[in-house]
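Notes for the structure review
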Amino acid sequence: MLRVAQAASSEDFTKFGVAPNQRRTGATASKPEGNMDGELNVIQNPNNWLKCFRPVDEGMAEFIADFVTKCVANGSHIGYSQDATRTGVFDALKALGTNDPSKIKTLVNCDCATVIGAAVYYSGLKLDSLRKLCTWEMEDVLGGSGAFIVITDKDLLKSGKGIRRGDILLRSGHTAVSIDTDEQTGWPRVLLDEDGLHFADKSGELTAVYPAIPDRMLKDNELRTKDLDGNAWYLYSEKGSGTYHLTSDRTYLVTCCQRNSANSAADTILIVAAHRTNSHLIELKSGNSKATVSGLSLTINRSAAYMRVSITCLT
């Protein structure tokens with residue numbers, strides 16, 4: 001059975017708790033699931049979620065799951081409240097200069113959303129809005145960050161099938177983090193959801209995220225086009241600019257060619273060595289389309305109508 005880690009309720013099972021009285025039973029660092037009724041706890045997945053925010057970076061997913069589990073295990077210091085003290089975990093780590101909640105030795109509070117906001121922030125996504133994160137704004141903050149795939153598949157969310165460790169789960173008024181992975185979970189080669197197209201390589205690892213731009217994209221029989229090797233192509237019907245969020249420090253092959261003109265002199269072929277702080281771009285073939293890379297964001301300025309763009313992970 002899948003389990004979720006969460007900030008649940010105060011010491012008297014109300015919305016607001018008192019920091020000097022952290023309710024905690026049976027949790028240890030090695031076995032945080034022993035705490036089934038503390039203010040922060042681990043429970044079996046209730047399978048009634050409405051949305052899932054899945055980190056596109058596997059390292060971020062692991063950090064988030066580990067972070068919230070450590071908060072549960074540190075339940076003698078970390079409690080629950082929705083009052084002004086709910087930013088306690090975030091603020092304590094900022095003051096300590098660490099991203100490890102097991103090092104918090106003062107009495108602090110959080111609520112279900114702010115403990116996840118702190119987990120996401122200290123995983124490396126430095127958004128100020130995460131400090132006071134609320135459940136009702138998670139769609140805008142997390143979904144709009146480019147760091148998460150938003151999943152709304154009702155069957156998956158109700159059954160738990162396909163849930164992965166580090167998934168952030170949301171229902172009306174509450175959120176939690178999965179600390180387990182469904183044994184039957186496997187990455188399909190291409191994932192389609194309301195945010196766009198997500199490409200996975202042969203190993204099943206997610207390597208690039210493609211934004212959906214319906215007003216600029218040509219469709220063949222209402223389907224996005226793939227070549228014979230299964231690589232995903234975006235087809236555009238006008239000139240324009242698109243930014244692609246690469247998900248990890250890797251090397252990518254980028255091709256921009258005019259449709260039905262694979263040998264055109266206007267084609268552009270690039271190698272992008274993507275790194276969060278120091279990225280490089282090399283032109284193998286210089287065409288009319290231009291590209292820039294900053295961190296893990298690749299921007300392509302398309303020169304012609306009927307442009308075909310592909311991004312493939314090489315390493």
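Anything mentioned here points back to the structure above.
In what follows, the accompanying structure is described. These numbers were taken from a predicted model, which means no experiment stands behind them.

1. A short note on the pairing of strand β16 (residues 280-285)
Pairing analysis gives five bridges linking strand β15 (residues 268-273) to β16, with the strands arranged antiparallel. Bridge pairing in β16 places Ile269 opposite Lys285. The antiparallel hairpin formed by β15 and β16 contains six residues in its connecting segment.

2. Looking at the packing of aromatic side chains
Scanning all chains against the criterion turns up four aromatic pairs. With centroids separated by 5.4 Å and ring planes inclined at 50 degrees, the aromatic side chains of Phe90 and Tyr122 adopt a geometry described as tilted. Residue Phe90 is found in helix α2 (residues 88-96), and its partner Tyr122 is found in helix α3 (residues 112-122); the two are separated by 32 residues along the sequence. Of the two residues examined, Phe90 and Tyr122, each falls in the buried class. Members of the aromatic cluster, each reached through a chain of ring pairs, are Phe90, Tyr121 and Tyr122. If you follow Arg171 out to its NZ or CZ, it ends over the ring of Trp49, 5.0 Å from the centre.

3. Description of the pattern of salt bridges
Evaluated as defined, the whole model comprises eight salt bridges. Across the pair Asp100 and Lys70 runs a salt bridge whose closest N-O atoms are separated by 3.6 Å. Of this pair, Asp100 sits in the loop between α2 and β5 (108-110) while Lys70 is found in helix α1 (residues 58-73), placing the two residues 30 residues apart along the sequence. Judged by its relative accessible area of 28%, Lys70 is partly exposed. Residue Arg131 pairs with Asp91 through a salt bridge whose shortest N-O separation is 2.8 Å.

4. Brief notes about the sheet that holds strand β6 (residues 148-151)
The six strands lie next to each other as β2-β1-β8-β7-β3-β6, forming an open sheet whose pairing is antiparallel. Pairing within the sheet leaves two strands with one partner each, and these edge strands are β2 (40-44) and β6. Looking at each pair of strands side by side, their axes are set apart by 25 degrees on average, direction ignored. Judged from the five bridges that link them, strand β1 (residues 3-7) and β2 form a sheet pairing that is antiparallel. Residue pairing for β2: Val4 is matched across the bridge by Ile43. Each of β1, β2, β3 (51-55), β6, β7 (168-171) and β8 (174-178) is contacted by α1, which is oriented at about 60 degrees to β1, the strand it contacts most. Relative to β8, α3 is tilted by about 45 degrees, and along the sheet it contacts β1, β6, β7 and β8.

5. Structural notes on the environment of Ala7
Examined against the element boundaries, Ala7 turns out to sit in strand β1. Judged by its relative accessible area of 0%, Ala7 is buried. Setting aside its immediate chain neighbours within four residues, Ala7 contacts Glu39, Leu40, Tyr80, Cys110, Asp111, Cys112, Val115 and His174.

The rules behind the values
Residues numbered from 1 in each chain as written. Predicted model: local features only at pLDDT ≥ 70, side-chain atom pairs only at ≥ 80, totals over all residues. Heavy atoms only, no water. Pairing = 2+ DSSP bridges. Helix = DSSP H or I, 4+ residues; strand = E, 2+ residues; numbered from the N terminus. Phe/Tyr/Trp six-rings, centres within 6.5 Å; stacked < 30°, edge-to-face > 60°. Buried < 20%, exposed > 50% of the residue type's maximum accessible area, 1.4 Å probe, protein only. Lys NZ or Arg CZ within 6 Å of the ring centre and 35° of its normal. Salt bridge = Lys/Arg side-chain N within 4 Å of Asp/Glu carboxyl O. Axes fitted to C-alpha atoms, helices over the stretch in contact; angles between N-to-C directions. Contact = heavy atoms within 4.5 Å.

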